Structure formats: structure tokens, C-alpha cells
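Residue-level structure breakdown
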Amino acid sequence: MSTTISNPDDNHRHLYLIEDLLLVFILIFSFGNKNQWWPLQFILITALLLAHFTKLRIKFPIAFWGLTLLLTSLDIIQAYFVVANHSFVLFYMTSLVLLSYFYPLHRINILKINSLSILVLIMFWGAVQKVLSPSFLNGDYISLTTIKGQLFKPLLLAKLIPDVFAENITLINEFRKTLPHPETFIQLKKPFTCFESFSYYFSLFIIVSEFLMVPVLFLKNNNLKNSFILLFLSGLLFTRFETGFISLLIILSVAQLPATEKTFRFLYLGLFAVCITLMLLKIGLR
């Protein structure tokens, strides 16, 4: 952990790094999620890009981030009850940056404390939701998701798991063409033996991991805390290419780093770059 006392320049660079990461994500996320508000969306993106490159972002930060908040709210306004969870996380993070500009002398602390709060809420309620879901708790959700080829993408791309997933998807699509009947079913292929046991215990492992991340986030030792966070995020990326959600978790994690920290900042940026690249290649999920 760095013991160097941060100065105003360090704080300034740290704050702008957080903002720039968030803006990069918003730009990619917005282009990949066109909705009924697309004319307004296009106008807002154009205005924000002009403001960024003409330094109006620096002169009028509250107006800039107010427009950015409006942009991130369009997805939620259109489909509040079905929109992905990370759309809400993005909205909260943008609100947090906007709020911090009303208290310019305390921006670092505002972002650090509130980003920690968001991470704790995500981990805790994510685990609670899984505990309350019978299909997740008994392994059915993990089993179906794996059988459909939506988990462990690196292993699938490296062909380290028998390729039964394309055939399973075909069977599922054919099954959906018929009228539902309680006595009809399809037999999907399993990628390996003892698959049911794996699905059950891996589901429990996920729940325990998310619960354990809550106390980890309160560790005073920054080296230990960020090592666990990086391990968790890397494991999440390896398990499923939820690159949009992982990118937001990375930004929240960067917001908690000391302004003078370099090693973990570099590692977080590397993981962020991987996620953004996968999103641009349409391999990862926004």
C-alpha cells in the first residue's frame, strides 16, 4: 500500500480517471442499446462529445454531468421493470459523479464512500437474491445456463469442454416451436459426468463468494482488499462474459483506490480494457 500523501494534482488526475472510464463505458453502452429515445440519445451523445473536446466539460461540469445523467436514464425510463441491473448501477454512478460537483472540496471522499456503499449493496443483495431463488439454490439455473453454453466461455473458445451447446440450443429452439404441454420435455446433452453435482456445488460457491466479498470490501489493508476484488472480478469474467457489469464494478473499485496508488490502478485498467474490447467485438455482454 502506498504511504505517499496525495496532493491536489494526484486527486485531480484520479477523479478524471474515474470520470473518463465512466464516459468511455457510457459511450459504448449507449451505442449498443438503441431504444425509442434514439433521436434524443444521438443529440445528447453529440453534445457531450462536443463539450468534452471543447473543454466545456471542465467549465460547466454540473451541466455536462446533468446531460450525461439524462442519457443514462433513457434506458430505465423506457423499460423500468425489465431493464438489466447494470443500467441502474450506471445511473447511480453517474448521479454520484454529478452530486460530487456540488461539494468540490470533498469529491474524493464522496466518490470513495458512496462507491463502497454501492459495491456492498450489489454483493449483499445479489447473494440474498440467489438464496431466495429456489432454481439457483438447487443448481437448476447454473445447470441450464451452462448447458446452453453461456458459462465458462474461455473454456468453450479453447475447446476444453465437449461441444454439446450448439446442439442443445437447436433442441431448445425446436421445442419452443411446439405448443407447451406438461408432459412434453427434451433431453439436453451434458458436457461432462457428475454435471448435476457440479451445478449444485458451484451455485453454493457463487453465493458464498458474494457474501464473503462484503467483509472483504471493509478491509483496511488496501493490498489485500484489492487483491481479493481483482480475483473476484477475474473469476466472474472467466465464468461469464458479463463485461458491462464487470466494467462498472471495476470503475467502482478504482474509485476506492488511494489517489497515489499505481499498481492496482494499472491492473484494474488492464481488466477494464479486456472487458471493453470484448464488448466492442460483441463477444461480451453489455
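Each value, and the rule that gives it
- Per-chain numbering applies: the sequence of each chain, read as written, is numbered from 1 onward.
- Under the rules for a predicted model, residues below a pLDDT of 70 receive no local features and side-chain atom pairs below 80 are neither given nor counted, while totals for whole chains, interfaces and linings still include all residues.
- Note that the side-chain values use all heavy atoms of the structure and ignore hydrogens as well as water.
- Axis angles are defined between N-to-C directions and span 0 to 180 degrees, where every axis is a line fitted to C-alpha atoms and, for a helix, only to the segment in contact.
- Per the convention used, a helix needs a DSSP run of H or I reaching at least four residues, while a strand needs a run of E reaching at least two, with both numbered from the N terminus.
- Roughly parallel covers angles under 35 degrees, roughly antiparallel covers those over 145, roughly perpendicular covers 65 to 115, and oblique covers all other angles.
- With the far helix as reference, a near helix turned anticlockwise by less than a right angle produces a left-handed crossing, and one turned clockwise produces a right-handed crossing.
- A contact between two residues is defined here by any heavy atoms of the two lying within 4.5 Å.
- Residue polarity follows a fixed list, in which Ala, Val, Leu, Ile, Met, Phe, Trp, Tyr, Cys and Pro are nonpolar, Asp, Glu, Lys and Arg are charged, and the others, Gly among them, are polar.
- Exposure is judged per residue with a 1.4 Å probe applied to protein chains only, and the accessible area is read against the type maximum: over 50% gives exposed, under 20% gives buried, and values in between give partly exposed.
- Here a helix's expected span is defined as the number of its residues, less one, multiplied by 1.5 Å.
- For the purposes of these results, a polar contact is taken to be a pair of N or O atoms within 3.5 Å, where, inside protein, one atom must be able to donate a hydrogen and its partner to accept one; residues adjacent in sequence count only when each atom of the pair is a side-chain atom.
- Here the nonpolar core consists of buried residues drawn from Ala, Val, Leu, Ile, Met, Phe, Trp, Tyr and Cys, with membership extended through side-chain atoms lying within 4.5 Å.
- Each Phe, Tyr or Trp ring (for Trp, its six-membered ring) is paired with any other whose centre lies within 6.5 Å, and the angle between the two planes then decides the class: stacked below 30 degrees, edge-to-face above 60, tilted in between.
- When a carboxyl oxygen of Asp or Glu is within 4 Å of a side-chain nitrogen of Lys or Arg, the pair counts as a salt bridge.
- Patches in this entry comprise residues that are over 30% relatively accessible and not in a salt bridge; like charges within 9 Å are linked, as are nonpolar side chains (Val, Leu, Ile, Met, Phe, Trp, Tyr) within 5 Å.
- For every accessible area listed, the method is Shrake-Rupley and the probe measures 1.4 Å; residues are considered covered only by the protein chains on display.

What follows covers the packing of helix H1 (residues 8-31) against helix H5 (residues 85-100). Put simply, H1 and H5 touch, their axes get as near as 11 Å, and they point 140° apart. Classified by the angle their axes make, H1 and H5 are oblique. The two elements H1 and H5 cross, and the hand of that crossing is left-handed. Together, Glu 19, Leu 22, Phe 25, Ile 26 and Phe 29 of H1 and His 86, Ser 87, Leu 90, Met 93, Thr 94 and Val 97 of H5 make up the contact between the two elements. A class-by-class count of the residues in the contact of H1 with H5 yields seven nonpolar, three polar and one charged.

Turning next to the side chain of Ser 143. Relative to the helices and strands, Ser 143 resides in helix H8 (residues 140-147). For Ser 143, a relative accessible area of 17% corresponds to the buried category. Setting aside residues up to four positions removed in sequence, Ser 143 forms contacts with Phe 195 and Ser 199.

When the terminal C-alpha atoms of helix H12 (residues 222-239) are compared, their 25 Å separation across 18 residues agrees well with the 26 Å that a helix rising 1.5 Å per residue should span. Inspection of H12 places Asn 222, Lys 225, Asn 226, Ile 229, Leu 230, Phe 232, Leu 233, Leu 237 and Thr 239 among the buried residues, and these make up the whole buried set. The opening residue of H12 is Asn 221, an N-cap whose side-chain oxygen sits 3.0 Å from the backbone nitrogen of Asn 223.

With that out of the way, let us pick up the nonpolar core. Formed by 62 residues in total, the largest nonpolar core has its most connected members in Leu 233, Ile 250, Ile 251 and Tyr 268. In terms of residues, this core owes the most to one element, H1, which gives 11 residues. When sequence neighbours within four positions are dropped, the list of residues in contact with Leu 233 reads Ile 246, Leu 249, Ile 250, Ser 253, Tyr 268 and Leu 271. Formed by seven residues, the second largest nonpolar core is a distinct cluster that contains Phe 136, Leu 151, Phe 152 and Ile 207.

In an α-helix, one turn spans 3.6 residues; hence positions three or four apart end up facing the same way. Over its 18 residues, helix H4 (residues 61-78) extends 26 Å from the first C-alpha to the last, a length consistent with the 26 Å expected when each residue adds 1.5 Å. Among the residues of H4, those classed as buried are Pro 61, Phe 64, Trp 65, Thr 68, Leu 69, Leu 71, Thr 72, Ser 73, Leu 74, Asp 75 and Ile 76. Looking at the packing, one finds that the buried side of H4 touches H1, helix H2 (38-53), helix H3 (56-59) and H5.

What follows is about the environment of Phe 241. Examined against the element boundaries, Phe 241 turns out to sit in the loop between H12 and helix H13 (243-254). Sequence separation between Phe 241 and Ile 283 is 42 residues; the distance between their C-alpha atoms is 7.5 Å.

Next up on the list: the packing of aromatic side chains. What characterises a pair of aromatic rings is the spacing of the ring centres plus the angle enclosed by the ring planes. Evaluated as defined, the whole model comprises 10 aromatic pairs. Both rings, one in Phe 91 and one in Tyr 92, keep their centres 6.3 Å apart while their planes meet at 65°; by these two values the pair is edge-to-face. Relative accessible area serves as the criterion here: at 25%, Phe 91 is assigned to the partly exposed category. Among the aromatic residues, those joined into a ring-pair cluster are Phe 195, Phe 198, Phe 202 and Phe 205.

Quick look at the packing of H1 against helix H14 (residues 263-280) now. When two helices pack together, you describe them by how their axes are tilted relative to each other and by the distance separating the axes. Viewed as axis vectors pointing N to C, H1 and H14 meet at an angle of 10°, and their least axial separation amounts to 11 Å. When the axes of H1 and H14 are compared, the pair comes out roughly parallel. Within the contact between the two elements, H1 uses His 14, Leu 17, Leu 21, Val 24, Phe 25 and Ile 28 and H14 uses Arg 265, Leu 269, Phe 272, Ile 276, Met 279 and Leu 280. Looking at side-chain class alone, the contact of H1 with H14 contains 10 nonpolar, one polar and one charged residues.

The final tally for this structure, using the stated rule, is six salt bridges. For Glu 19, the salt bridge identified is with Arg 107, shortest N-O distance 2.7 Å. With a gap of 88 residues between them, Glu 19 in helix H1 and Arg 107 in helix H6 (residues 107-131) connect regions that are remote in the sequence. A salt bridge links Asp 20 to Arg 57; the nearest nitrogen and oxygen atoms lie 2.9 Å apart. Of this pair, Asp 20 sits in helix H1 while Arg 57 sits in helix H3, and the two are 37 residues apart along the sequence.

Time to look at a nonpolar patch on the surface. Where nonpolar side chains cluster on the molecular surface, the patch consists of Leu 121, Phe 124, Trp 125, Val 131, Leu 132, Leu 137 and Phe 211 and spans about 660 Å² of accessible area. When residues in the nonpolar patch are grouped by element, the largest group, four residues, is from H6.

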